[in-house]
Amino acid sequence: MQLFYQPELINGITHLSPDESRHAIKVLRLKSGDQIQLIDGKGTFYKASITNDSFKKCEFQVEETHKETPNSSYRHIALSPTKNLDRTEWFVEKAVEIGIDKISFILCKNSERKVLKTERLVKKAVSAMKQSIKATLPVIDEMVPFKKFVTETQTTSKFIAYVDFDNPVQLKNTLSNENLVLIGPEGDFDNAEVSMALENGFKKVSLGQSRLRTETAGIVTANILNLFD
């Protein structure tokens, strides 16, 4: 199924963006009268017919809508971005495909990447949303300092995934209907950050007996949160 993304559908916009128009008309060779499927990133699928097959501004008329079935639990991962941006992009792409509600980025003491522009990450998320036939675009936050994040975030169940092979508490056994998991940088969280998280209501959890790369830990976490449904 080929999905087109128009986030302003809810506001009455009935034409594709220039990039989406070009893809529909120039690449897929769609014409006036052809049917297309659209998503708004807010949980709704749309069935429409093309009314103007301009490759600069493809217009359409909505014929049917239906809502996506929402996740039964809330899934939020906060991750320290990797030095290699490709690995962070890969995490975002796969987390969206698996199923995630929100991705935040945290600047930790051991973080190797100090600056992160989220515009490209949002584009990766949109592509993954379309690829996996979803209608809801996860929230992707700008990076904030670790202290600000852990002291200001309000979530029912908050966890910090920390490399501690003596910790018997597995994330998969502690989930509720609203979950937030912190994933640290390659050098992991330092002791002060772990203490700060615990003081602010986070619980230390394990992702298993393997030492995981940051982006791998993020994907493992996304999968555990997804299976909770």
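Note that the structure is predicted; figures quoted are calculated from it, not measured. (Residues numbered from 1 in each chain as written. Predicted model: local features only at pLDDT ≥ 70, side-chain atom pairs only at ≥ 80, totals over all residues. Heavy atoms only, no water.)

**Here's the deal with the overall build of the chain**
- Along the chain, the regular secondary structure elements total 6 helices and 10 strands.
- The principal-axis extents of the C-alpha atoms in the chain amount to approximately 65 × 35 × 30 Å.
- Looking at the chain as a whole, 44% of its 229 residues qualify as buried.
- For the chain, the share of sequence-separated contacts (at least 6 apart) that also reach a separation of at least 24 residues comes to 71%.
- If you average the places of the 31 positive and of the 30 negative side-chain charges in the chain, the two averages end up 3 Å apart. (Helix = DSSP H or I, 4+ residues; strand = E, 2+ residues; numbered from the N terminus. Buried < 20%, exposed > 50% of the residue type's maximum accessible area, 1.4 Å probe, protein only. Contact = heavy atoms within 4.5 Å. Lys, Arg positive; Asp, Glu negative; His and termini not counted. Charge placed at Lys NZ, Arg CZ, Asp CG, Glu CD.)

**Observations regarding helix 3 (residues 119-131)**
- Between its first and last C-alpha, helix 3 extends 19 Å over 13 residues, near the 18 Å set by a 1.5 Å rise per residue.
- For helix 3, the full list of buried residues reads Leu121, Ala125, Val126, Ala128, Met129 and Lys130.
- Within two residues after helix 3, Ile133 carries a phi angle of roughly 55°, on the positive side. (Expected span 1.5 Å × (residues − 1).)

**Concerning the nonpolar core**
- The biggest cluster of nonpolar side chains holds 35 residues, and the ones touching the most others in it are Ile77, Phe91, Val92 and Phe105.
- Ignoring any residue separated from it by four or fewer positions in sequence, one finds Phe105 in contact with Leu79, Pro81, Thr88, Val92, Leu116, Leu121, Ile140, Asp141, Glu142, Met143 and Val144.
- By size, the runner-up hydrophobic cluster in this structure holds 14 residues, among which are Cys108, Leu180, Val194 and Phe202. (Core = buried A, V, L, I, M, F, W, Y, C linked by side-chain atoms within 4.5 Å.)

**Describing the sheet that holds strand 4 (residues 59-67)**
- Taken in spatial order, the 4 strands line up as 1-2-3-4 in an open sheet, and their pairing is mixed. The sheet is open, and its two edges are formed by strand 1 (3-5) and strand 4, each paired on a single side. Averaged over all pairs of adjacent strands, the angle between their axes in this sheet comes to 35°, without regard to strand direction.
- As paired strands, strand 2 (residues 35-39) and strand 3 (residues 44-52) are joined by 5 bridges and run antiparallel to one another. Within strand 3, the residue paired with Ile36 across the bridge is Ala48.
- Most of the contacts of helix 3 go to strand 1, to which it runs at about 150°, and overall it touches strand 1 and strand 2. (Pairing = 2+ DSSP bridges. Axes fitted to C-alpha atoms, helices over the stretch in contact; angles between N-to-C directions.)

**Topic: the sheet that holds strand 6 (residues 102-107)**
- Across the sheet, 6 strands lie side by side as 7-6-5-9-8-10; this open sheet has parallel pairing. Single-partner strands in this sheet number two, and they are strand 7 (139-145) and strand 10 (203-205). The average angle at which neighbouring strand axes cross in this sheet is 25°, direction not considered.
- As paired strands, strand 5 (residues 74-79) and strand 9 (residues 178-183) are joined by 6 bridges and run parallel to one another. Considered in strand 9, the bridge of Leu79 is made with Ile183.
- Strands in contact with helix 6 (residues 214-227) are strand 5 and strand 9; relative to strand 5, the strand with the most contacts, it is inclined by about 170°.

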